[in-house]
Amino acid sequence: MNLELKSSRRGFLRSTALVGGGLVVAIAVPGARRFAWAQEAQPATAAAFAPNAFLRIAADDSITVLLAHAEMGQGIWTTLPMLIAEELDADWSKIRVEHGPADKAYTSPVFGMQGTGGSTTTWSEFDRYRQAGAVARNLLLQAAAARLNVPLADLRTENGAVVSGTQRLRYGELADAAGKLPPPDPKTLTLRDPKDWKLIGKATKRLDTPEKITGKAVFGMDVQFEGLLTAVVLRSPVFGGTVKSFDATAARAVPGVRDVVQVPSGVAVVAEHFWAAKLGRDALQVVWEAGEGATLDSATLRQQFSQLATEDGPTAVRAGDVVAELSKAAKTVDAEYAVPYLAHAAMEPLNCTVKIADGECDIWCGTQFPTLDQNSTAKILGIPPEKIRIHTPFLGGGFGRRATPDSDVVSEAVHVAKAAKAPVKTVWTREDDTRGGYYRSAFVEKIKVGLGEDGLPKAWHQVMVGQSIMAGTFMEAMMVKDGIDATSTEGVANSPYVLGTPAHRVDLHSPKTGIPVLWWRSVGHSANGFVMEGFVDELAHAAGKDPVEYRRTLLKDHPRHLAALNLAAEKAGWSSPSPEGRGRGIAVHESFGSYVAQVAEVSVEDGRIRVHRVVCAIDCGVAVNPSAVEAQMESGIVFGLGAALHGALTLKEGQVQESNYHDYRVLRMHEMPKIEVHIVPSTERMGGVGEPGTPPIAPAVANAVFALTGQRLRELPLQLPVASATPTPTA
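Residues numbered from 1 in each chain as written. Predicted model: local features only at pLDDT ≥ 70, side-chain atom pairs only at ≥ 80, totals over all residues. Heavy atoms only, no water.

Novice: Any chance you could explain the state of the cysteines here in plain terms?
Specialist: Simply put, the disulfide is a covalent bond whose two ends are the sulfur atoms of two cysteines. Applying the stated criterion across every chain yields a total of zero disulfides. Just so you know, Cys 365 is unpaired, no disulfide at all, and the nearest cysteine sulfur is the one on Cys 352, 4.1 Å from it. Of all cysteine sulfurs in the structure, the one in Cys 620 sits closest to Cys 616, which takes part in no disulfide; the separation is 10 Å. (Disulfide = S-S within 2.5 Å.)

In structure tokens form, the structure reads like this:
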């Protein structure tokens, strides 16, 4: 990305009150927005010079990188410092990392606010963090030149020091003097040529690993200080329900319970510790006004979605006369695919600690969007956002759940602390978390495709039905156009399969059910990757073609898809027979700017699907830290495989039936397949890696099951009919 860089001393050297002493460098970059909706949300001129990457060098030679984003397992605690260290020529052993506070200085160039999501962090910060390192290096060189009284050209840097002949000055020795110099114009600095990179592109161990394996890492649930109370909230068992009345007599009698307060989300029991709060909540007597949500039933919704999918709706994309071309097709193939509601099920349940005092507020919370939390808190307390300090610990998994547009977790905790008139940590139990809403929406999709004599698509009609994430939020105006939520249709409306078909039409229905929905790892791609790659496999078999060869034909004008597809097929040994009793399936899908292909090798054991091996290939452009890319592919596969085999939320009489990992299962250790990750060498535009590993795994497994048994599975989670317990290999 070529970014216009501008600087000023004020823009680069921030107040030490914000980030501490020493040499402090911030880089100011005009909005480098890739997404149209982000551009509309925050025009480039509005935040053109807001610094959002910081570097601090102390006298002890420690180099602290302050992150504008949250570390929730994706590895940016290491990847972003690598970018700065590369240009700074730093001693990697001296690198330290901190989460930056909630501040406009850390505004994301993608979202127009401080936030982490959409697999955007590394590519959006690639130039800025390197530029920050280059600016710091230049200032250190200038300081060394003045101290040694030598020309700048006679100096070089090496592993955390400036070198002139036999003289060597550590960065820590120069930091104070460097911090007093005017910063250079970034346009005069030349970043390192990729051939000279020492860190970027090299497998690097994660900086946060030691803290996490020793238990020193602090997550939101670990926050504790003198006088802090704990609260749990009894919420309506039905979405949209409200408190009609409650009796707290028995709850207040529980030893350790300090208070019982009503808040907008329900009734909170505040206690000296979690167990007292939990027992107090168990003793609460609440009468609920259930409302319309009491009639919700997932089986009924499934039928309604299926019926709606037979009707035309708002059109996301169209070309040609689909009806006419379907009537002339040599063969037509049609199918209905469906996916259920899914919870995020992060390992760390939701929690938030709030302390309100003297017209100010401190919040400790694993959050993906501090700006939203800051703004919602300001409205609740009636104080300026600048008076609200958000401290970001490590996140024990986010997957989108810690990025709610209405800041439900933080807002609730602020209401509790305000009502209790004390510092309070509000904790969601696992059951609260599973039943608390903000799910991946269920979807039903009907597809009908007409094939020509050559077996290739000539007409494509697809109708999608699923809830809109953005409808009813402050982002609706930006994200929903003419009734189409772009997050629902991504992976379909822009699919090379659809757009490569001469006559095509994609319609979307976005019914309102009252079930709160949200982005879930890979968002719309999580459903659409399964649908598209499962159905293309059907087309390949209908055309009598090998699934890989068929995709190669459809993707002949898409080299990055092909590169991932070919590498995965090669490494999986696609051209050789599958091991006895096993079947192979393949899928390739682009999401968040990266191209991922996966081959799954499965068997059927006692009527259940067993995944033995997954071979994954990814083209993500420049792989800053190959180890992090591999880890995220593994993570995405595990996350997606658990959902593919087990994930489903069911509602009866308005209540979610699942509650914990025993009935809302994630992948178990004994179900873990062997995963092999291969990175396509690439200098193409960088994409994300946190989410793209998830969409291909479900269709790859489903396609493998078909290859083994002849049974086409079109609904998640994947379950074989009883009659399919004995494999029947397909031709």
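Novice: Looking at this structure, how should I read the nonpolar core?
Specialist: Within soluble globular proteins, side chains that are nonpolar tend to cluster in buried spots. Among the nonpolar cores identified, the biggest contains 80 residues, and Trp 460, Phe 530, Phe 535, Val 602, Ile 609, Val 701 and Leu 718 are the most heavily contacted of them. Look past the residues within four positions of Val 701 in its chain and what remains in contact with it is Ala 600, Val 602, Ile 609, Val 611, Leu 641 and Leu 718. Within the second largest apolar cluster, 68 residues are counted, among which are Ile 57, Ile 63, Ala 68 and Ala 145. (Core = buried A, V, L, I, M, F, W, Y, C linked by side-chain atoms within 4.5 Å. Buried < 20%, exposed > 50% of the residue type's maximum accessible area, 1.4 Å probe, protein only. Contact = heavy atoms within 4.5 Å.)

Novice: Whenever I open this one, the pairing of strand E24 (residues 583–591) confuses me. Can you help?
Specialist: On a regular strand, each side chain points to the face opposite its neighbour's, so the side chains alternate between the two faces of the sheet. Summarising burial for E24: eight of the nine residues are buried, a large majority. Both E24 and strand E25 (residues 594–605) contribute to a ladder of nine bridges, which runs antiparallel. Bridged to Gly 583 within E25 is Val 602. In this antiparallel pair of consecutive strands, E24 and E25, the connection spans two residues, and Phe 592 shows a positive phi of 55 degrees. (Helix = DSSP H or I, 4+ residues; strand = E, 2+ residues; numbered from the N terminus. Pairing = 2+ DSSP bridges.)

Novice: What should I look at first to understand the environment of Val 536 in this one?
Specialist: Residue position: Val 536 is located in helix H18 (residues 525–542). Along the sequence, Val 536 and Arg 714 sit 178 residues apart, while their C-alpha atoms lie 12 Å from each other. Filtering out sequence-adjacent residues up to four positions away, Val 536 remains in contact with Trp 460, Tyr 497, Tyr 550, Arg 551 and Leu 554.

Novice: Help me understand the packing of aromatic side chains in this model?
Specialist: In this description, a pair of aromatic rings is defined by centroid distance and the angle of the planes. Taken as a whole and assessed by the stated rule, the structure comprises 10 aromatic pairs. Considering the side-chain rings of Trp 520 and Phe 639, the 4.8 Å spacing of their centres and the 40 degrees angle between planes classify their relative orientation as tilted. In this pair, Trp 520 sits in the loop between strand E23 (503–509) and H18 while Phe 639 sits in helix H21 (residues 626–645), placing the two residues 119 residues apart along the sequence. Like Phe 639, Trp 520 is buried. Clustering of aromatic rings is evident, with ring pairs tying together Trp 77, Phe 219 and Phe 394. The ring centre of Trp 520 lies 5.5 Å from the NZ or CZ of Arg 440, which sits over that ring. Looking at Arg 712, its charged tip hangs above the ring of Phe 706, at a distance of 3.8 Å from the centre. (Phe/Tyr/Trp six-rings, centres within 6.5 Å; stacked < 30°, edge-to-face > 60°. Lys NZ or Arg CZ within 6 Å of the ring centre and 35° of its normal.)

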